[in-house]
Amino acid sequence: MIFRPEKLKIKDQRMKPFIDSDELWGYIHATPATKERVREVIAKSLGKNRLTLEETAVLINATDPDLIEEIKQGARTLKEKVYGQRIVLFAPLYVGNLCTNNCAYCGFKASNQQVKRITLDEDDLIAQVKALEDSGQKRLILVFGEHPRYDAKFIADSVRTVYSVKSGRGEIRRVNINAAPMDIDGFRIIKDSKIGTYQVFQETYHEETYGKVHLGGIKRNFEWRLTSLDRAQEAGIDDVGIGALFGLYDWRFEVLGLVRHTNHFEAVYNVGPHTISFPRIQYASQLNIDKSHMVTDAEFTRLVAILRLAVPYTGLILTARESAAIRDEIMQFGVSQIDGGTNIELGGYSKKKDNLDQDIDMEQFQINDNRTLNEIMDELIDKKYIPSFCTACYRLGRTGEHFMEFSVPGFIKRYCQPNALLTLVEYLEDYAPAETKLKGYELVSEKLGEIEDTAFRENLSGKIEQLKNGTRDLYF
Ligand code: SAM
Ligand code: SF4
């Protein structure tokens, strides 16, 4: 099926593309990275300012190992200074893998006859959500292939079903979406189901490469995808996530593409994207790509640190595509969200398996971190991160929470950190084994002890006592 722009409504066509590949390469080729300039740019970011394309190119072009270390240190400092030690946890839930597109990198591509095609019906979906709630999850991202069956109504119905499921004290409090671009009316239908973030990854901002790896279906149309989140904004969804699939093209170009996309949102809607994702290509069934742009671990670490400095107010998402070791290493550079207890097999969460081996013909790609949610909680607590399942801003209509964390003085102390602790206590009470509970409460006491405002500390302690006595869902 070939996408025909003339079939679009006229209002959809006014969305104009905003990527000029010569401009982006121009910055990479013509921007020197002297020591002084690199330091100036890091200082600008630490002063809580978003970087321009030229400034981002300075960081990209810094290849001296000492300067790379300074960039990483800058990202670490920014994270500590602005965001503190919280890490938000979520889980992906694949709802259906039918797909009419032919993305060379994806196991769900239409031409792949080996993959088993599954769409969860309502009962299957409920079973997955129950299993996720029983492990302690509160935030999900629903993932769909691109197929006429997964239209806006189907997605909205899936979201409503997820919110309706309660298991014991468990409930899902925020549902994000990663699905195909919609038209404006479609986005409106989905918005009404009360989603959190709508993610569409551009995959590559390089149009020629985009054409080479998207071999069939609607997704072949670069502009339709590039302008998808403008249509979401138009439909009233201001909480959007962008991303690039690293490994398709030169990582330096993709970083500038992400920054350009961010600038576009700021210029047109006065608000940047809520999150940026930076998946790296993983092994997949019938993977068929040119491997010349694969990103090494060292480059990956560098690019995450650069993104942190370039767009300091945006949430950064790092998924279980990466190994536990890489995730542990990269988290310190300002990652704000990770998935935990991830299982991307359709229907996988409710299956009791005695081993965690993936069946690659049931899944979109290989994941490399299959720790349980509790194993991840343990590790975060050991490393003094505060695991958070907070959904307060979204539920109180305070959209763009990453932006507020960043720009509103005292916001993190007043809202994010206490809410992280409250959701951690819920987890410790309802789902944690004894050992996790013990060390989790040690962390909670330590963090309570750091609160200087006595009245506020007592208020928070009171809420924690209420949670211990069985009240749920308390937040500031
Ligand atoms: N079908 C929707 C779409 O294409 O927008 C949902 C996307 S897919 C289920 C989520 C993301 O996974 C894709 O946007 C892509 O960036 C990423 N992805 C696809 N194949 C991958 C692979 N082999 N390794 C890592 N990530 C991959
Ligand atoms: Fe389909 Fe999305 Fe996979 Fe492309 S990336 S084949 S659109 S599921």
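About the thresholds
- Numbering of residues starts from 1 in each chain and follows the order in which that chain's sequence is written.
- Written order decides the labels, with chains lettered from A and ligands numbered from 1.
- Residues qualify for local features only when their pLDDT is at least 70, as the model is predicted, and side-chain atom pairs are given and counted only at 80 or more; totals for whole chains, interfaces and linings, by contrast, use all residues.
- Calculation of side-chain values draws on the structure's entire complement of heavy atoms; hydrogens and water are dropped beforehand.
- Where helices and strands are cited, they refer to DSSP runs of H or I of at least four residues and of E of at least two residues respectively, numbered from the N terminus.
- Any residue under 20% of the maximum accessible area for its type is buried, any over 50% is exposed, and the rest in between are partly exposed; the area is computed with a 1.4 Å probe on protein chains only.
- When checking whether two residues touch, look at their non-hydrogen atoms; a contact exists if any pair is within 4.5 Å.
- Here the open area of atoms and residues is found with the Shrake-Rupley method and a 1.4 Å probe, where only the protein chains shown may cover a residue.
- Throughout, an axis means a line fitted to C-alpha atoms (over the contacting stretch in the case of helices), and angles, computed between N-to-C directions, take values from 0 to 180 degrees.
- The cut-offs work like this: below 35 degrees is roughly parallel, past 145 is roughly antiparallel, 65 to 115 is roughly perpendicular, and the gaps in between are oblique.
- Put simply, a crossing is left-handed when the front helix is turned counterclockwise from the back one by less than a right angle, and right-handed when it is turned clockwise.
- In this classification, the charged set is Asp, Glu, Lys and Arg, the nonpolar set is Ala, Val, Leu, Ile, Met, Phe, Trp, Tyr, Cys and Pro, and all remaining amino acids, among them Gly, are polar.
- The term salt bridge refers to a pairing of a side-chain nitrogen on Lys or Arg with a carboxyl oxygen on Asp or Glu at a separation within 4 Å.
- The start and end points of each domain follow an automatic or database-based domain assignment.
- When two parts are brought into contact, each loses some accessible area as probed by a 1.4 Å sphere; the total of that loss over both is the buried area.
- Pairing of N or O atoms within 3.5 Å defines a polar contact, subject to two protein rules: one partner must be a possible hydrogen donor and the other a possible acceptor, and residues neighboring in sequence count only if both atoms are side-chain atoms.
- Residues are said to line a cavity or pocket when one of their atoms sits within 4 Å of a point; the points come from a 1 Å grid over protein atoms alone, cavities being sets where a 1.4 Å probe fits but cannot get out and pockets being open sets with protein on both sides within 12 Å along at least five of seven lines.
- Grid points are joined across faces, edges and corners, and a volume is the space filled by probe spheres set on the points.
- Being near a molecule or strand, for a residue, means having at least one of its heavy atoms within 4 Å of it.
- Each molecule is assigned to a cavity or pocket provided more than half of its atoms lie within 2 Å of the corresponding grid points.

A. A look at the overall build of the chain. Helix and strand content of the chain: 20 helices and 11 strands. Taken along the three principal axes of its C-alpha coordinates, the chain extends 60 × 60 × 45 Å. Across the 476 residues in the chain, those meeting the buried criterion constitute 61%. Restricting to contacts in the chain with at least 6 residues of sequence separation, those with at least 24 account for 75%. Working note: accessible area of the chain is about 18700 Å², and carbon and sulfur atoms make up 49% of it.

B. Broad picture of the environment of Gly-340. As for its placement among the helices and strands, Gly-340 is situated in the loop between strand 10 (337–339) and helix 15 (373–382). For the pair formed by Gly-340 and Arg-308, sequence separation is 32 residues and the distance between their alpha carbons is 22 Å. Setting aside residues no more than four positions away along its own chain, Gly-340 makes contact with Phe-90, Ala-91, Gln-137, Leu-373 and Ile-376.

C. Seen up close, the packing of helix 7 (residues 152–164) against helix 8 (residues 184–191). Two elements in contact, helix 7 and helix 8, have axes separated by 8 Å at closest approach and are oriented at 15°. One way to sum up the angle between helix 7 and helix 8 is to call them roughly parallel. Crossing hand, helix 7 versus helix 8: right-handed. Touching Ala-152, Lys-153, Ile-155 and Ala-156 of helix 7 are Gly-186, Ile-189 and Ile-190, all from helix 8. The residue inventory of the contact of helix 7 with helix 8, partitioned by class, reads 5 nonpolar, 1 polar and 1 charged.

D. Representation of the pattern of salt bridges within the structure. The tally for this structure, following the rule as stated, stands at 36 salt bridges. For Glu-322, the salt bridge identified is with Arg-280, shortest N-O distance 2.7 Å. Within this pair, whereas Glu-322 is found in the loop between strand 9 (315–318) and helix 14 (324–331), its partner Arg-280 is found in the loop between strand 8 (275–277) and helix 13 (297–310), the two being separated by 42 residues in sequence. As far as burial versus exposure is concerned, Glu-322 and Arg-280 are alike and both buried. In this structure, the salt-bridge partner of Glu-379 is Arg-371, at a minimum N-O distance of 3.0 Å. Its relative accessible area of 14% is what places Arg-371 among the buried residues. Overlapping salt bridges bring together Arg-327, Asp-328, Asp-339, Asp-369, Arg-371, Glu-379 and Lys-383 as one network.

E. Structural detail: the domain arrangement of the chain. Here the chain is partitioned into domain 1 (80–400) and domain 2 (406–468). Tallying the contact residues gives 29 residues for domain 1 and 23 residues for domain 2. Each partner contributes to the roughly 2300 Å² buried at the junction of domain 1 and domain 2, and carbon and sulfur atoms together form 64% of this total. Considering only the side of domain 1, the residues that lose the most area to domain 2 are Arg-86, Ile-381 and Ile-386, jointly responsible for 24% of the buried surface there. With its nearest N and O atoms 3.1 Å apart, the salt bridge here joins Asp-382 to Lys-439. Where domain 1 packs against domain 2, one counts 10 residue pairs in polar contact (both at pLDDT 80 or more). At the level of elements, helix 5 (65–83), helix 6 (122–135), helix 15, strand 11 (386–388) and helix 16 (392–395) are the ones that each hand at least two residues to the side of domain 1 that touches domain 2. Taken together, the residues of the side of domain 1 that touches domain 2 sort by class into 14 nonpolar, 5 polar and 10 charged.

F. Structural context of empty space enclosed by the protein. Going through the model one piece at a time under the given rule, you end up with 7 cavities of 30 Å³ or more. Put simply, the largest cavity is a space of about 670 Å³. If you go around the largest cavity, you meet 40 residues; those closest to its centre are Tyr-94, Val-143, Asn-178, Arg-321 and Gln-364. Every element with two or more residues in the lining of the largest cavity is listed here: strand 1 (86–96), strand 2 (139–144), strand 5 (174–178) and strand 10. The volume enclosed by the second largest cavity comes to roughly 170 Å³. Taken together, 19 residues line the second largest cavity, and the ones lying closest to its centre are Arg-86, Arg-139, Cys-390, Glu-401 and Glu-405. Secondary structure elements with two or more residues in the lining of the second largest cavity: strand 1, helix 16, helix 17 (401–407) and helix 18 (411–430).

G. Fine view of the site of ligand 2. Near ligand 2, the surroundings consist of Cys-99, Asn-101, Cys-103, Tyr-105, Cys-106, Phe-108, Lys-109, Gly-145, Lys-219 and Gln-364. More than half of the atoms of ligand 2 fall within 2 Å of the grid points belonging to the largest cavity. Looking at the shell around ligand 2, its residues break down into 5 nonpolar, 3 polar and 2 charged.

H. The site of ligand 1, seen in detail. Taken together, 20 residues form the shell around ligand 1, and within it Tyr-105, Glu-203, Lys-219, Arg-225 and Gln-282 come nearest. Here an oxygen atom of ligand 1 sits 2.8 Å away from a polar atom, N or O, in the side chain of Lys-219. When atoms are counted within 2 Å of each cavity's grid points, the one that captures over half of ligand 1 is the largest cavity. Of the residues contributing to the shell around ligand 1, the split by class is 10 nonpolar, 4 polar and 6 charged.

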